[in-house]
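Listed below are the residues making up each chain.
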Amino acid sequence: MSVHIGAKKGDIAETILLPGDPLRAKWIAETYFDNPFCFNEIRGMYGYTGTYNGKRVSVMGTGMGVPSISIYANELITEYGVKNLIRVGSAGSYQADVKIRDVVLAMSASSTSGVNELRFGGADYAPTANFGLFIKAVEAARSKNIPIKAGNVLSSDEFYEDDKESFKKWSKFGVLCVEMEAAGLYTIAAKHRVNALAILTISDSLVSGESTTSKERETTFKHMIEVALELA
Ligand SMILES: O=P(O)(O)O[C@H]1O[C@H](CO)[C@@H](O)[C@H]1O
Ligand SMILES: O=c1cc[nH]c(=O)[nH]1
């Protein structure tokens, strides 16, 4: 047991899917895993391990934002030996050609979070996806005929921005979409020399103002999760 995860050593697989929402973690385990068991309920942050196509795999919620995912990533890696950390999250589009329901692989993650500014004394660290996981995800998506987009995303500390136009400064520089955790995950994984990738599904668009319903989100999340599960 670690500070925030109530699992025993060996309870968690080397590959874990990490949605922000703990109820999405429960849904993934119940929908896709054979013989899932729950290894964590501390703070309601459900975590499960089971098998998918015969391979052992885990899933756990991370909560929202860089500080929250950083706590869980640290403990998963240093206390439970997790090697492949795959975020599966929702994101808001910053580009007209990144549409609702599109799946985006985050090659790199810009951020408004102060964590790396503190860590690197104001210098600019570039949180980057693991190349091996990235290539495997591209291949898995192609084999399932799931279209993907890939590029830089923004991990923001703010969900509700005061300035509704501020996304334009990022979209002008090619940032595809906004979420809240990838930069933290990539940084912690790099520090510990393990592998991380964020796979995102566009749930709303800051460009068009469109948004998906909860039901639509469930169906379209399936593509992202089916790609992520192939990385186990
Ligand atoms: O769908 P999840 O994984 O929670 O991801 C996105 O949704 C949350 C905001 O609603 C933030 O965590 C953001 O990164
Ligand atoms: O962090 C997020 C996630 C989805 N949509 C957004 O606008 N922001």
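Residues numbered from 1 in each chain as written. Chains lettered and ligands numbered in written order. Predicted model: local features only at pLDDT ≥ 70, side-chain atom pairs only at ≥ 80, totals over all residues. Heavy atoms only, no water.

The chain is annotated in an unreviewed UniProt entry as Uridine phosphorylase from Winogradskyella arenosi. In its Sequence similarities (unreviewed entry) section, the UniProt entry covering the chain states "Belongs to the PNP/UDP phosphorylase family." According to the UniProt record, the Catalytic activity (unreviewed entry) comment for the chain is "uridine + phosphate = alpha-D-ribose 1-phosphate + uracil". (UniProt positions renumbered as here; feature names shortened; annotations may be inferred.)

J.: Would you mind going over the confidence of the model for the chain with me for this structure?
T.: The predicted coordinates should not be examined in detail at positions where pLDDT is low. Per-residue pLDDT for the chain averages 96, and the proportion of residues at 70 or more is 99%. Predicted as a complex, the structure gets a pTM of 0.97 and an ipTM equal to 0.98. (pLDDT = per-residue confidence, 0-100.)

J.: Explain the site of ligand 1 here, please?
T.: Around ligand 1, a shell composed of G20, D21, R24, M64, R87, V88, G89, S90, F159, E179, M180 and E181 is seen. Within the backbone of G20, an N or O atom sits 2.9 Å from an oxygen atom of ligand 1. Here M180 contributes a backbone N or O atom positioned 2.8 Å from an oxygen atom of ligand 1. The protein chains hide 87% of the 340 Å² of surface that ligand 1 would expose on its own. Here ligand 1 is seated within the largest pocket. No other element matches the four residues that strand β5 (residues 84–93) contributes to the shell around ligand 1. (Near = heavy atom within 4 Å. Polar contact = N/O pair within 3.5 Å; in protein donor to acceptor, adjacent residues only side chain to side chain. Areas by Shrake-Rupley, 256 points an atom, 1.4 Å probe, with all protein chains shown as cover. 1 Å grid on protein atoms, 1.4 Å probe; cavity = no way out; pocket = protein on both sides within 12 Å on 5 of 7 lines; lining within 4 Å. Sits in = over half its atoms within 2 Å of the grid points. Helix = DSSP H or I, 4+ residues; strand = E, 2+ residues; numbered from the N terminus.)

J.: Explanation requested: the packing of aromatic side chains in the structure shown.
T.: Where two aromatic rings form a pair, the distance of their centres and the angle of their planes describe that pair. Summed over the entire model, instances satisfying the criterion amount to six aromatic pairs. Seen in terms of ring centroids, W27 and Y32 are 6.0 Å apart; in terms of plane orientation they differ by 85°. Their pairing is edge-to-face. Its relative accessible area of 13% is what places Y32 among the buried residues. With a centroid separation of 5.5 Å and 40° between ring planes, the pair formed by Y94 and F167 is classed as tilted. Residue Y94 is found in the loop between β5 and β6 (103–111), and its partner F167 is found in helix α5 (residues 167–171); the two are separated by 73 residues along the sequence. (Phe/Tyr/Trp six-rings, centres within 6.5 Å; stacked < 30°, edge-to-face > 60°. Buried < 20%, exposed > 50% of the residue type's maximum accessible area, 1.4 Å probe, protein only.)

J.: Looking at this structure, how should I read the environment of D157?
T.: As for its position among the elements, D157 is in the loop between β7 (148–155) and α5. A relative accessible area of 40% means that D157 is categorised as partly exposed. For the pair D157 and E179, spaced 22 residues apart in the sequence, the C-alpha separation amounts to 8.8 Å. Setting aside residues no more than four positions away along its own chain, D157 makes contact with T112, S113, G114 and M180. (Contact = heavy atoms within 4.5 Å.)

J.: Quick question: what am I supposed to make of the pairing of β6 here?
T.: A regular strand places its side chains so that they alternate between the two faces of the sheet. One ladder, built from eight bridges, connects β6 with β7; its direction is parallel. Across the sheet, the residue bridging to A109 is V153, located in β7. When β6 meets strand β9 (residues 195–205), the two strands line up antiparallel, connected through four bridges. Looking at β9, one finds that L105 is bridged to I199. (Pairing = 2+ DSSP bridges.)

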